[in-house]
Amino acid sequence: MGTNIGLMELVFRSERRRTLLIFLKDGPRSIDEIQEHLSVDSVSILPQLKRLKDRELIIQKGHTYELSVMGKAIVDKMSPLLDTLEVFEDNFDYWSRRSFDGIPHVLRSRILELKNCKLIRPDLSHMFELDPKFVENLLLSKQVLSFSSYFHPSLVSLYLEIAKKEAQISLILAEPVLKRFKADYSESFQTLVQFEHVSLSLFPKNSKLAGVTVTDRFFLLTILPQVKFFEHESLFSSEPQALKWGTDLFSYLQEEAVPVSAKTNPIIL
């Protein structure tokens, strides 16, 4: 009966079989190792092993089991899909209401790298305040890459504070944000751009992102919703792969950005 089941159903219908196949990705495993990893007894796992053996997805060699060539090919493609599904499932309401227009296709295909991101959602009494966890980590960061298409007054003093600590800072601001920074916080602006370790750039296009910040400590992503209003909800992570994803997104934005200074760029004078 097991040989009549389709491979798609065989692999994806059972979470236990999926977990088993992924566990074997790193090499042969004994039955004891399999039982311990899946927290099952032999009575529960042996029928699943037989089904996978019957369809030649795994091979038994003595007392160990390993992926077949076909099994390896399937698992190599299965893992990224499952990881991507997990990213969306963990914060489904957030992703389902967001526009992906500001994320390049190459990074959309790497969404799986944003596993274990936590959703930052301010309550009504703190709706217009920066998240404390964001502030705490930003003040401890030694390298900061940040893009913003919206203005938050509290960021002005924060960036000045970390600049005085000699943190390496690279800021990309949308034109309205840059103009308001220069007009309403002229003294702070002039002070910030004088630091040699601070670079400031203008993003001349209509950005589809609200903001992204990536430092040596964390990654924060704020995506504009599909509807025409701004929800100050963000995804936060300290995972190395999320930091790499955020750095690559910032590099993509930087390719379109124009370096500016208080003295040389007429747009902000």
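That block above? That's the structure.
One structure accompanies this document, and this report is about it.

Parameters at a glance
Here, residues in each chain are numbered from 1, in the same order as that chain's written sequence. At least 70 in pLDDT is required for a residue's local features to be given in this predicted model, at least 80 for side-chain atom pairs to be given and counted, and no such filter applies to totals for whole chains, interfaces and linings, which use all residues. For the side-chain quantities, the full set of heavy atoms in the structure was used; hydrogens and water were omitted. Excluding any residue in a salt bridge, patches collect residues exceeding 30% relative accessible area, merging like charges within 9 Å and nonpolar Val, Leu, Ile, Met, Phe, Trp and Tyr side chains within 5 Å. Accessible areas in this description were obtained via Shrake-Rupley with a 1.4 Å probe; residue shielding takes into account the shown protein chains only. For this analysis, a salt bridge means a side-chain nitrogen from Lys or Arg found within 4 Å of a carboxyl oxygen belonging to Asp or Glu. Numbering goes from the N terminus for both helices and strands, where a helix is a DSSP run of H or I of at least four residues and a strand is a run of E of at least two. Exposure categories follow from relative accessible area, calculated using a 1.4 Å probe and restricted to protein chains: below 20% of the type maximum is buried, above 50% is exposed, and the middle band is partly exposed. Only when DSSP finds a minimum of two bridges between them are two strands counted as paired. Throughout, a contact is declared for two residues whenever any of their heavy atoms are within 4.5 Å. Angular values range over 0 to 180 degrees, each being the angle between N-to-C directions of two axes fitted as lines to C-alpha atoms, with helices fitted over their stretch in contact. Pairs were defined over the aromatic rings of Phe, Tyr and Trp, the Trp ring being its six-membered one, requiring ring centres within 6.5 Å. Orientation was assigned from the angle between planes: stacked under 30 degrees, edge-to-face over 60, tilted for the rest. Criterion for a charge above a ring: Arg CZ or Lys NZ at most 6 Å from the ring centre, at most 35 degrees from the ring normal. By definition in this entry, angles of less than 35 degrees are roughly parallel, angles greater than 145 are roughly antiparallel, angles of 65 to 115 are roughly perpendicular, and the rest are oblique. Helix crossings fall into two classes, left-handed where the near helix is turned counterclockwise from the far one by less than a right angle and right-handed where it is turned clockwise. We call Asp, Glu, Lys and Arg charged. Ala, Val, Leu, Ile, Met, Phe, Trp, Tyr, Cys and Pro are nonpolar, and the rest, Gly among them, are polar.

## Concerning a nonpolar patch on the surface
Part 1 of the reasoning: A cluster of nonpolar residues, Met8, Phe12, Leu81 and Leu85, forms a patch on the protein surface that exposes about 390 Å² of accessible area.
Part 2 of the reasoning: For the nonpolar patch, the secondary-structure elements that each account for two or more residues are helix H1 (7–12) and helix H5 (69–90).
Part 3 of the reasoning: With respect to the helices, strands and loops of the structure, Leu81 is situated in helix H5.
Part 4 of the reasoning: For Leu81, a relative accessible area of 41% corresponds to the partly exposed category.

## Section: unusual backbone geometry
Part 1 of the reasoning: Positioned with a positive phi, Ser39 is a non-glycine residue whose angle comes to about 55°.
Part 2 of the reasoning: For Ser39, the position within the fold is in the loop between helix H3 (31–38) and helix H4 (42–54).

## Some words on the sheet that holds strand E9 (residues 219–223)
Part 1 of the reasoning: Spatially, the eight strands line up as an open sheet ordered E4-E10-E9-E8-E5-E6-E7-E11, and their pairing is mixed. Because the sheet does not close on itself, it has two edges, and the strands there are strand E4 (118–120) and strand E11 (258–259).
Part 2 of the reasoning: Bridge count between strand E6 (residues 168–174) and strand E7 (residues 198–203): six bridges; the pairing is parallel. Of the residues in E7, the one forming a bridge with Ser170 is Ser199.
Part 3 of the reasoning: On top of the sheet, helix H10 (residues 175–184) reaches strand E5 (143–148), E6 and E7; it is set at about 110° to E6, its chief contact.

## Quick notes on the packing of aromatic side chains
Ring pairs (aromatic) are described by centroid distance and by the angle formed between their planes.
Part 1 of the reasoning: This structure, assessed with the given rule, holds 10 aromatic pairs.
Part 2 of the reasoning: Relative to Phe203, the ring of Phe147 has its centre 5.3 Å away and its plane inclined at 75°; by these criteria the two rings are edge-to-face. Here Phe147, found in strand E5, pairs with Phe203, found in strand E7; they are 56 residues apart in sequence, far enough to count as distant. Phe203 matches Phe147 in its accessibility class, with the two residues each being buried.
Part 3 of the reasoning: With 5.4 Å between their ring centres and 15° between their planes, Phe218 and Phe236 make a pair best called stacked. In this pair, Phe218 sits in the loop between strand E8 (209–215) and E9 while Phe236 sits in strand E10 (residues 234–237), placing the two residues 18 residues apart along the sequence.
Part 4 of the reasoning: Taking relative accessible area as the criterion, Phe218 reaches 0% and is therefore assigned buried.
Part 5 of the reasoning: Overall, the relative accessible area of 2% leaves Phe236 in the buried class.
Part 6 of the reasoning: Taken together, the ring pairs connect Phe88, Tyr94, Trp95 and Phe100 into an aromatic cluster.
Part 7 of the reasoning: Seen from the ring of Tyr94, Arg98 lies directly overhead, with NZ or CZ sitting 4.0 Å from the centre.

## Let's talk about the packing of helix H9 (residues 153–164) against helix H11 (residues 186–194)
Part 1 of the reasoning: Close contact between H9 and H11 brings their axes to 10 Å; oriented N to C, the two are set at 30°. The orientation of H9 with respect to H11, classified from their angle, is roughly parallel. Between H9 and H11 lies a crossing whose hand is left-handed. Side by side, H9 and H11 meet where Val156, Tyr159, Leu160 and Ala163 of the first sit next to Ser188, Thr191 and Leu192 of the second.
Part 2 of the reasoning: Along the lines of polarity and charge, the residues of the contact of H9 with H11 split into five nonpolar, two polar and no charged.

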